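# Descriptive analysis of the structure
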Amino acid sequence: MTSSFPLLLSPLDLGFTTLKNRVIMGSMHTGLEDRAKNTARLAEFYAERARGGVGLIVTGGYAPNRTGWLLPFGAKLTNRFESRRHRTITKAVHDAGGKIALQILHAGRYSYQPFSVSASSIKAPINPFRPRRLTGRGVRRQIRNFVRCARLARSAGYDGVEIMGGEGYFINQFLAERTNKRTDEWGGAPQKRRRIAVEIVRRTRAAVGPDFVILFRLSMADLVEGGQSWDEIVSLAQEVEFAGATIINTDIGWHESRVPTIVTSVPRAAFVDITEKLAKHVSIPVVASNRINMPETAEEILTRGDAQLISMARPMLADPMWVRKAAAGAPDEINTCIACNQACLDHAFVNKHVSCLLNPRAGRETELTLLPTRRKKSLAVVGAGPAGLSAALNLAQRGHSVTLFEGRDEIGGQFGIAQKIPGKEEFAETVRYYRHQLALAGVDVRLGTRIAAADLVDGGYDEVVIATGVTPRVPDIPGIDHPKVLSYAEVVRDGRPVGTSVAVIGAGGIGVDVSEFLTHEHSPTLDLEEWKQEWGVTDPESAPGALTTPQPSPSPREVFLLQRKAGRIGSGLAKTTGWVHRAALKAKGVEELSGVNYERIDDAGLHISFGEKRERPRMLNVDTVVICAGQESVRDLVDDLTVAGVTTHVIGGADVAAELDAKRAIEQGTRLAASI
Ligand code: NAP
Ligand code: SF4
């Protein structure tokens with residue numbers, strides 16, 4: 001059989017070992033690394049990805065010493081005792097036919113503890129702790145600790161190590177003038193600033209011998225003021241190669257950068273042009289990463305010769321069988337990472353174990369199992385939003401007979417709306433995945449069918465799953481029936497016309513999304529050049545840090561975004577994506593109003609006042625008012641089915657509408673499916 005992705009699936013000979021394909025599972029800190037008791041869980045997490053065919057796995061970051069901890073008592077590899085524990089991981093991966101490298105991550109000034117160290121004593125804007133400036137002796141000790149960590153990784157059975165030199169972590173802090181103000185042998189001129197990186201690679205190579213993979217994670221563009229120049233980056237890559245690195249893995253942006261690099265609104269493969277620019281200067285394989293999530297994109301990158309390997313972290317959470325499905329020529333079967341960050345990075349930032357919104361089994365492989373059923377049942381699922389889809393598919397895959405009823409003519413529920421928001425086009429991939437998988441699993445999908453309780457009773461189903469979702473809340477505001485009032489679903493999903501001046505009532509996730517929708521001209525996909533212009537990203541050769549002045553295109557309409565509660569708009573949004581939304585709205589000139597009372601809506605517009613005393617009355621002269629005031633559960637069928645004695649399960653928004661999100665809906669659907 002000829003492969004649809006010949007380059008992606010071709011082996012890569014590294015001289016002393018061969019990677020079976022060009023796919024690297026990039027490093028992702030899952031939180032399981034931090035506690036010894038989770039080692040077996042972590043081993044199974046990686047083993048499942050190895051069985052899925054990935055060429056090389058890179059672990060989450062392990063600190064080479066305590067000062068390099070990401071968090072107090074976080075993951076580290078500093079002694080033989082810890083190294084022995086890692087054998088469980090390396091054995092599980094090797095038994096599954098995979099290869100695995102351990103990432104050595106020294107957080108430097110990003111270490112969230114008072115004993116952090118760095119090149120200079122300059123506090124990071126995202127960390128309250130000021131690092132201590134290392135002495136020359138201290139620098140040499142850090143280097144020795146990196147080498148010790150690599151040696152311990154080798155003795156634990158790893159196939160290699162990845163030395164984290166990007167993302168604004170310790171090594172990167174020495175590389176950039178922004179954070180390295182030293183005047184000794186480790187600072188000042190560029191070759192002195194990069195000396196630590198080169199020394200770490202050189203001494204690691206000497207310690208581990210020639211037949212051990214050393215990946216160096218290199219920041220191709222820092223995306224911060226005072227970042228490295230292009231000449232410095234190229235010289236670093238060349239010197240790291242000369243020092244003994246096997247592979248250069250690329251990275252972009254520091255954690256403190258104000259340019260998004262991995263959220264869903266970043267166009268796919270947005271930074272591959274920089275990877276290509278760098279790859280020309282070295283002779284070892286270079287890895288492309290960031291916002292690559294489908295085999296077609298990966299194959300194109302390899303075909304153009306922009307890189308020799310592709311790294312994907314989150315896509316391997318969403319679908320551990322990604323490589324196998326690509327190899328089988330079935331990319332439509334892939335559960336595509338939508339770059340939402342909701343269950344992965346957002347969890348990592350609040351110290352919760354990482355999982356995946358689309359695949360709640362990620363990181364819970366030993367706990368959430370979906371084994372074939374021993375007793376096949378006839379089941380009805382009502383509602384084809386995220387909750388109903390996950391329940392129906394998992395039930396059918398376990399061997400049950402499933403009929404899925406959906407009132408609309410398409411599946412997807414709230415995802416059908418989300419995919420129309422500029423920068424959320426990826427959500428369409430989830431709908432495609434379910435459409436495809438439901439057919440493969442033999443689910444009887446009845447679209448355009450508003451099933452009545454009596455018909456469900458007559459259908460003789462063993463059990464019924466109610467996933468009928470939510471309906472937009474209609475707030476009690478005088479004039480709410482005025483023709484200028486529309487619901488968010490009417491605007492986004494149904495394409496109802498909207499005027500040039502709009503008030504959005506409700507500033508939760510959907511109000512923010514709708515404001516983005518209203519402030520963008522609608523094109524099917526975001527153009528990369530337009531995106532770079534909006535965020536001020538330029539060619540790294542023309543400016544250190546690859547930053548220029550952002551030039552967002554003007555909004556086609558005036559938008560007011562309102563909420564009743566006091567305080568900052570969007571404060572409830574997720575940590576890793578909320579700031580991107582807030583910055584985007586600011587750039588588009590959206591006027592944000594908090595602490596608002598909605599007095600009435602009439603021909604003139606929306607009348608508001610502020611605070612408990614209803615002060616400062618104001619009239620917003622808008623021609624459309626869009627309601628994004630949350631949702632209410634739709635559960636009409638539940639009572640009748642219960643009275644009729646049908647075993648009924650209620651999941652997703654139909655269960656609880658408040659703070660509903662797809663993460664909860666999909667997990668609830670999956671867990672229910674595992675239990676029937
Ligand atoms: P939400 O986040 O609960 O926000 C509802 C908004 O409506 C709030 O701003 C609330 O603020 C306002 N509101 C509630 N009752 C009201 C009333 N009676 N009159 C006027 N305003 C009222 O709900 P959502 O925006 O519908 O989003 C639903 C879920 O989808 C969220 O939980 C979120 O997880 C998810 N989602 C997230 C994103 C994202 O992260 N970008 C995007 C879309 C959806 P006040 O009470 O202060 O006015
Ligand atoms: Fe991707 Fe979202 Fe899953 Fe994270 S939670 S792996 S970003 S789909």
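Analysis parameters
Residues numbered from 1 in each chain as written. Chains lettered and ligands numbered in written order. Predicted model: local features only at pLDDT ≥ 70, side-chain atom pairs only at ≥ 80, totals over all residues. Heavy atoms only, no water. Near = heavy atom within 4 Å. Nonpolar A, V, L, I, M, F, W, Y, C, P; charged D, E, K, R; others polar. Domains from an automatic or database assignment. Contact = heavy atoms within 4.5 Å. Buried area = accessible area lost by both parts, 1.4 Å probe. Salt bridge = Lys/Arg side-chain N within 4 Å of Asp/Glu carboxyl O. Polar contact = N/O pair within 3.5 Å; in protein donor to acceptor, adjacent residues only side chain to side chain. Patch = residues over 30% accessible without salt bridge, like charges linked within 9 Å, V, L, I, M, F, W, Y side chains within 5 Å. Areas by Shrake-Rupley, 256 points an atom, 1.4 Å probe, with all protein chains shown as cover. Lys, Arg positive; Asp, Glu negative; His and termini not counted. Charge placed at Lys NZ, Arg CZ, Asp CG, Glu CD. Helix = DSSP H or I, 4+ residues; strand = E, 2+ residues; numbered from the N terminus. Buried < 20%, exposed > 50% of the residue type's maximum accessible area, 1.4 Å probe, protein only. Axes fitted to C-alpha atoms, helices over the stretch in contact; angles between N-to-C directions. Parallel < 35°, antiparallel > 145°, perpendicular 65-115°, else oblique. Left-handed = near helix turned anticlockwise from the far one by under 90°.

It is worth spelling out the site of ligand 2 at this point. The local shell around ligand 2 consists of Arg 314, Leu 317, Cys 337, Ile 338, Ala 339, Cys 340, Asn 341, Ala 343, Cys 344, Cys 356, Leu 357 and Leu 358. Class assignment of the residues belonging to the shell around ligand 2 gives a composition of 10 nonpolar, 1 polar and 1 charged.

Next up on the list: the domain arrangement of the protein chain. As assigned here, the protein chain comprises domain 1 (12–348), domain 2 (378–471 + 641–675) and domain 3 (474–520 + 555–629). For domain 2 and domain 3, the distance between their C-alpha centroids amounts to 31 Å. Contacts between the two partners involve 7 residues from domain 2 and, on the opposite side, 11 residues from domain 3. Interface area for domain 2 against domain 3, summed over the two sides, is near 880 Å², with a carbon-plus-sulfur share of 63%. Per-residue buried area on domain 2 facing domain 3 is highest for Ile 417, Ile 421 and Pro 422; these three make up 52% of the total on that side. Between Asp 513 and Lys 424 there is a salt bridge whose closest N-O contact spans 2.8 Å. Here domain 2 and domain 3 share 1 residue pair in polar contact (both at pLDDT 80 or more) between them. Split by residue class, the side of domain 2 that touches domain 3 holds 3 nonpolar, 1 polar and 3 charged.

A cluster of basic residues, Arg 132, Arg 137, Arg 141 and Arg 144, forms a positive patch at the surface. Ranked by the residues each element gives to the positive patch, the list is headed by helix H4 (residues 136–155), at 3 residues. Relative to the helices and strands, Arg 144 is located in helix H4. Note on Arg 144: relative accessible area 48%, which makes it partly exposed.

What follows deals with the packing of helix H14 (residues 386–397) against helix H23 (residues 662–675). Two elements in contact, H14 and H23, have axes separated by 7 Å at closest approach and are oriented at 25°. One finds that H14 runs roughly parallel with respect to H23. Classified by chirality, the crossing of H23 by H14 is right-handed. Residues Pro 386, Ala 387, Ser 390, Ala 391, Asn 394 and Leu 395 of H14 touch H23, and the partners they reach there are Ala 662, Ala 665, Ile 666, Gly 669, Thr 670 and Ala 673. Across the contact of H14 with H23, the residue classes tally to 8 nonpolar, 4 polar and no charged.

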